Each structure stands twice: as C-alpha cells, then as structure tokens.
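Examining the three-dimensional arrangement
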Amino acid sequence: MADIPQVCSTLDEMTASMASVRELIQSLRDKQASSDATNMTDGISLLSWKHHLMLSYIQSLVLLCARRAIGDPMEDRTPPSNPFSTTDRDPRGSGIGDLVDSMIEGRVVLEKIRVMESRMRYQIEKLVRIADESPKAVTEDPLAFRPNPQNLVNNEQLDGGLGEDTDEKAQEDGVYRPPKLAPMPYVETTSDKRSKRQPVPKTLSSLIHQDPSRPHVESTSGLSFTPALASDRAREIQQMTEFEEDNFTRLVMKRKDARRRKRDEEDLALGGSGMSKGRRRGRGLEDEFEDILRSVGRTKTGSIGDGYEELRQKGKKSDALSRSRTRTRDDDESDGREAPQAKRTRFERERRTLNKKIASVRAKSKQRS
Amino acid sequence: MDPSAPITLRARKFITNRLLSRRQFILDVLHPSRPNVSKEELAEKLATMYKTEKARVVLFGFRTQFGGGKSTGFALIYDDEASQKKFEPKHRLIRSGIQPKVERPSR
C-alpha cells in the first residue's frame, strides 16, 4: 500500500519529463527546418556521423526495451539485401532482430571511428583551439595550416614571369651558364691528356740538370749551398729554402712534413739523394744506377724488369674500354703543332698588320731615296 | 764546446726597407765548436755592428744546419721605437719585452 503513492509520484515525474522533452524536440525540429546544417548532399563529416550513430543506437535501445516490455520475441528480423559498403542500401525492417543488428553495426562503426579520430586528433584539436580562442582571421596566421611541401619548391623551377629574373641574375655575374637541358658528353682537356701521358724517363730528364757539357751553375757570392740537383726532392727542398729566404718567413708545415724535410736535408748534406723511400725499390747497385733503375720498366709486381717491359706492353692489346674508343691519341696529337700556341687575339692581329704596313712604307721610302 | 769561441756573423740579402723604416737581412751565424747562439748575444753583436740599440734588433726563424756549426735566420733593425711598435707583429713585441703579455681567461 505504501508503494502506490511512490508509483504515482514516479509516473507523474515521467509525464512531466516527457512533456519537457516534447517541447525540446519541437524547438529542435523548428531549428532543423530553418537551418541547413543538416544538408547531407555532400556527405556527412566524421564527427557528425558519430553523433548520428550514437543517436540511432539510443533509439534502437529504447525501442528494444519497449518491445521486450510488450513481450515480442527477439527473433523477428528482415535484414537488408546489400552489404554495408554500398551507398544505396535499403533500410532494415522494424523487427526486434533488426534493432539488435543495427545496434551491433553501430557499435562496430563507432569503434572504427574512434581509431580514425585518434589519427586525426592533432588536426581536430587545432581546429577546436582556433575556434575557441582567436577571432582574428585564420589566413593571416601562417602556422595555422599544415606544412605545405609546395612552398619548398625552388624559385628557379617557377615558370612564366619569374624566368626573366633568373636570366638577369645570371647575366649580372658576367659568366655564361648554359641551361642544363640534356646530358652532355665529357670532353677531355689538354691538361688531362698531358697528365695521362707516360712520364719522361728519369735518365733523360736528369740530363737537363746534370749535363756535363753545360756550364756549372753557382750563385754570385758563392755562399748558397748546392745540393745534388739530380733528384726531385732535392730541387723541391732547394725551392723551399729559396722561398723562405726571399719572403723572409719560415714555411708553416705539419709536423710530419717538417720532420720529413729535416731528414731529407740531412740526407742531402751527407751526399744522398734525399728520397726517403729509396731503399724499398729493387736491390743492389742502387747508389750508382739509381736513375737508370728508376726509369727501367717494371712489371706489375713492382720488381725491376729487364728493360724490355715496354716493348712487351706495346705488343699486347689494350683493354676493351680503350679499344672501344674510336678517337685515338694520334688523331689528337697530330694536329700539326706540338706546343700549344697562344691564341692570336685581335690586338695581336692588328698589330701585325700595322707593322707590315709600316715596314712596306719604309721600304718604299727607301726605294725612292 | 767552448762557450767563448768566436762567432762569425754574415748578412745576406741586405735590404733597406724605407716603407717599414727598417733594415732587414738574412743572418748566417757560423759557430763551430759551439752549440746554438742565443738571440740576445746575437742582438748585442748586431747592435754594435750596425750602431743601434739592442732593443731595435729583432731576430727570428733561426734554424741550425745539419752537422752543427752554422745557423741561418732573419734579422730586422728598426730605426726607432715608434716604427717598431707600429710595424712589428704583437708576438714579437711581447718576445722582446716592449709589450706586456695580456693574460686572458681560457674558454
């Protein structure tokens, strides 16, 4: 008996809350009719889909409770024919089983949405922050947008009107830079060829310095020391000392180089050649025949050969790469001139013509007189 | 080793440098039976030879030849203190004592 007023009060509460809910729904309906926020032609955003899903979940739950309260069995269902991914899936029927199915579907989709949301969390938070805090325009703030790799494009790649600026910049330099459109073949310069040629044998080159028929070179005061100018190292060291004396400084070298120089100077003072690695090559009779042994052809292992190595190498075929090259060295070398002459500039040419004219005029005047 | 053995000083490539107001030359020191001669002793001898003060003589870059007995270096003789202070690099002024060394805290 004490339950009856409780039940009545609960029922009254329920009617009152339902009336208030009805009012709310009426206002929402009016809002929906007036606004276009529910315009779904362009598709639905992820976040509003979440709201709709939850709403439908709640609706299904309520309906299920109502049906169960009535006493319908849980098995009636009319599932839709098309699978989930097709866009024009016909709606489910209204049996209880359909309600359960739709709830399950909504649950699964909500979980997937959660995963996607976690991936987009940074962007969503940023947009929310912007919406909350700043009334100013978003476009003014450069940090508002995500990094744009297009901004990293080089200025020279921009086409159209900006091409003229790059041309002016290149011309200001004074140096002509051709546009890099197609790959160009590598052309050897004369210095490359000269370095790749076989070096002159030392016996021949040392004759220039040690030729007995030429007069002996000495300084005027007789004070400068004359090392054995046969080896390259001796000449190098002498050049170093000359430089130091001329320029009133001492050369700055690394410790290793300084020690090597000192050692070579001592070696030269004692009459040696000054080459630090002389001991390693060859055996026997090195002191006297050093030059000859150095220029004699060596085998691949580095041991001293019998002097006919060069002849043997000439008979052999060279490797496939050099054979495939159609331009041989003879074509380049027999251009007609051995020593490269200086380019005859316009000034030189005009000078020559003028000299000839003067000479001819002089000759004519002499003839007359 | 005789510390009082006579030394021979020879000046090579003597140049009077008017632009830097000094006389510069390469100095050959022959000191047989003696180890290297100190720069102070050489400066004294040069001062008497060229009739200047000892402070005006600047010596640097001395290297002994192999075997000993001869060393070669560079010598500058300034006309006056003002030009020396103007043209000499700081480390050589500190060496000769004209400028004091400024101790800076190391990093």
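If you look chain B up in an unreviewed UniProt entry, it shows as 40S ribosomal protein S24 from Pisolithus microcarpus 441. Quoted verbatim from the Sequence similarities (unreviewed entry) heading of the UniProt record, the comment on chain B is "Belongs to the eukaryotic ribosomal protein eS24 family."

In the annotation of an unreviewed UniProt entry, chain A is listed under the name Neuroguidin and assigned to Pisolithus microcarpus 441.

Looking only at helices and strands, chain B features three helices and four strands. In chain B, the succession of α and β elements from N to C terminus is β-β-α-β-β-α-α. Surface accessibility of chain B: about 6,700 Å² in total, with carbon and sulfur atoms responsible for 54%.

Glancing now at unusual backbone geometry. All names here are of chain B. Positive phi outside glycine occurs at Lys 13, with the angle close to 50°. Assignment of secondary structure puts Lys 13 in strand 1 (residues 8-17). Taking relative accessible area as the criterion, Lys 13 reaches 41% and is therefore assigned partly exposed.

Below, the discussion takes up the environment of Glu 265 of chain A. Topologically, Glu 265 of chain A is positioned in helix 9 (residues 255-269). Measuring from C-alpha to C-alpha, the distance between Glu 265 of chain A and Ile 237 of chain A comes to 7.5 Å, with 28 residues separating the pair along the chain. In this structure Glu 265 of chain A touches Ile 237 and Thr 241 of chain A together with Arg 63 of chain B, once residues within four positions along its chain are discounted.

Tallied over the full model, the rule gives six aromatic pairs over all chains. A ring pair is formed by Phe 248 of chain A and Phe 60 of chain B, whose centres lie 6.4 Å apart and whose planes are at 65°; its orientation type is edge-to-face. On the criterion of chain membership, the pair formed by Phe 248 of chain A in the loop between helix 8 (232-247) and helix 9 and Phe 60 of chain B in strand 3 (residues 57-64) is interchain, its members lying in two chains. Using a relative accessible area of 12% as the deciding quantity, one classes Phe 248 of chain A as buried. When its relative accessible area of 10% is taken as the criterion, Phe 60 of chain B is described as buried. Put simply, the rings of Phe 248 of chain A together with Phe 60 and Phe 74 of chain B pair up and form one aromatic cluster.

With that out of the way, let us pick up the pairing of strand 2 (residues 22-30) of chain B. All names here are of chain B. Among the nine residues in strand 2, seven count as buried, and that is most of the element. Sheet topology places strand 1 next to strand 2; eight bridges connect them, and they run antiparallel. In the sheet register, Arg 10 faces strand 2, and the bridge partner there is Asp 28. In terms of strand pairing, strand 2 meets strand 4 (residues 70-78) through nine bridges, oriented antiparallel. In the strand pairing of strand 4, Arg 22 is matched with Tyr 78.

Grouped together as the largest cluster of nonpolar side chains are 14 residues, with contacts concentrated most on Leu 9, Phe 25, Leu 27, Val 29, Leu 46 and Leu 59 of chain B. Put simply, the parts of the chain that give this core at least two residues each are strand 2, helix 1 (39-50), strand 3 and strand 4 of chain B. It is helix 1 of chain B that provides the largest number of residues to this core, a total of four residues. Judged by nonpolar contacts, the second largest core, of seven residues, contains Phe 248 of chain A together with Ile 26, Val 58 and Phe 74 of chain B.

Inspection of the secondary structure puts Arg 261 of chain A in helix 9. Classification of Arg 261 of chain A by relative accessible area gives buried; the value is 2%. Those residues in contact with Arg 261 of chain A that sit more than four places away from it in its chain are Arg 233, Ile 237, Met 240, Thr 241, Glu 244, Leu 251 and Met 253 of chain A together with Arg 63 of chain B.

What counts, and where the lines are drawn
Along each chain, residue indices are assigned from 1 in the same order as the chain's sequence is written. Ligands are numbered from 1 and chains lettered from A, in the order in which they are written. In keeping with the model being predicted, local features are shown solely for residues with a pLDDT of at least 70 and side-chain atom pairs are shown and tallied solely at 80 or more, while totals for entire chains, interfaces and linings include all residues. Excluded from the side-chain calculation are hydrogens and water; included are all heavy atoms of the structure. UniProt positions are given in the numbering used here, feature names are shortened, and annotations may be inferred rather than shown by experiment. Segments assigned H or I by DSSP are reported as helices when at least four residues long, segments assigned E as strands when at least two residues long, and all are numbered from the N terminus. Each accessible area is a Shrake-Rupley estimate made with a 1.4 Å probe; only the visible protein chains count as cover when residues are assessed. Think of it in three bands: with a 1.4 Å probe and only protein chains considered, a residue is buried below 20% of the maximum accessible area for its type, exposed above 50%, and partly exposed in between. We call two residues in contact whenever any of their non-hydrogen atoms come within 4.5 Å of each other. Classification of ring pairs rests on two measures: the distance between centres of Phe, Tyr or Trp rings, Trp counted by its six-membered ring, which must be within 6.5 Å, and the angle between planes, read as stacked under 30 degrees, edge-to-face over 60 and tilted in between. Paired strands, in this sense, are two strands between which DSSP finds at least two bridges. Only buried residues count toward a nonpolar core. Its members are Ala, Val, Leu, Ile, Met, Phe, Trp, Tyr and Cys residues joined through side-chain atoms within 4.5 Å.

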